Amino acid sequence: HRDLHSFPTRRSSDLIKELEKSLRLNSTLFCAYSALGIIYMEIGNYEEAERKFNRSLILAPLYLPAIRGSANLYMILAKDSLSKNDYPLAKINLEKSLSYWEKIASLFPGEKVTKNLAETHYELSKLYSKLNDVEKSKFHLETAKKHGYTGDRKSTRLNSSHGKLS
């Protein structure tokens, strides 16, 4: 049995080979699929990251690292789409990201996702503003504020004593 903690220090390609080898021996290792998703996301291979996270969640629908990885992946994709003014794709990806953050909040009450929910609602508010949908923009901005969004990106961090954004 290899020490899993040594993996982050190894090159991505070596780690990918190691994990793929493990999956050839046992194709039900949902944690290996999730780990691959994280690696692919980190090296910018978003399509493969999405496939790996999806496979992990098919095998283990409540596996938190795969849910969190998916939420982060769709936020990355949404921001990329926004930078290219591809608003329809940004909307799809933001809504996917939001659904994963909401899933984490409902299934894992101890997980601190308030900041992530606030950021996702804020990004949706900006998107709907660009799409001239005032009602949806206002809704998401108000929801972001309920999750503690203050409008000051630099001060949007969790206050550990209150569990709120400050």
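Scoring rules and cut-offs
- Residues numbered from 1 in each chain as written.
- Predicted model: local features only at pLDDT ≥ 70, side-chain atom pairs only at ≥ 80, totals over all residues.
- Heavy atoms only, no water.
- Salt bridge = Lys/Arg side-chain N within 4 Å of Asp/Glu carboxyl O.
- Helix = DSSP H or I, 4+ residues; strand = E, 2+ residues; numbered from the N terminus.
- Buried < 20%, exposed > 50% of the residue type's maximum accessible area, 1.4 Å probe, protein only.
- pLDDT = per-residue confidence, 0-100.
- Contact = heavy atoms within 4.5 Å.
- Axes fitted to C-alpha atoms, helices over the stretch in contact; angles between N-to-C directions.
- Parallel < 35°, antiparallel > 145°, perpendicular 65-115°, else oblique.
- Left-handed = near helix turned anticlockwise from the far one by under 90°.
- Nonpolar A, V, L, I, M, F, W, Y, C, P; charged D, E, K, R; others polar.
- Polar contact = N/O pair within 3.5 Å; in protein donor to acceptor, adjacent residues only side chain to side chain.

Another aspect to go through is the pattern of salt bridges. Tallied over the entire structure, the rule returns nine salt bridges. Between E50 and K96 there is a salt bridge, with its nearest N and O atoms 4.0 Å apart. In this pair, E50 sits in helix α3 (residues 46-59) while K96 sits in helix α5 (residues 87-107), placing the two residues 46 residues apart along the sequence. Classification of K96 as partly exposed rests on a relative accessible area of 32%.

This brings us to unusual backbone geometry. Non-glycine residue N85 carries a positive phi angle of around 60 degrees. With respect to the secondary-structure elements, N85 resides in the loop between α4 (64-83) and α5. Among the residues examined, N85 registers a relative accessible area of 52% and is labelled exposed. At N132, a position not held by glycine, the phi torsion is positive, near 60 degrees.

A few words now on the confidence of the model for the protein. The predicted structure's coordinates, where accompanied by low pLDDT, should not be read in detail. Model confidence for the protein is summarised by a mean pLDDT of 87, while 85% of its residues fall at 70 or above. Confidence, read as mean pLDDT per element, is least for strand β2 (residues 164-165) in the protein (34) and greatest for α3 (98). Every residue in residues 1-9 is under pLDDT 50, and counting partners more than four places away or in other chains gives three contacts.

It is worth spelling out the packing of α3 against α4 at this point. For the pair α3 and α4, the least separation of the axes is 9 Å and the interaxial angle reads 150 degrees. Relative to α4, the element α3 is oriented roughly antiparallel. Pair α3 / α4 crosses with left-handed handedness. Across the interface between the two elements, Y46, A49, E50, F53, N54, S56 and L57 of α3 pack against P65, A66, I67, G69, S70, L73, Y74, I76 and L77 of α4. Of the residues in the contact of α3 with α4, the class split is 11 nonpolar, four polar and one charged.

On to the side chain of H121, then. Inspection of the secondary structure puts H121 in helix α6 (residues 114-130). Within polar-contact distance, the side chain of H121 engages the side chain of H140 at 3.0 Å. Once residues within four sequence positions are removed from consideration, H121 is found in contact with L98, E102, H140, T143, A144 and H147.

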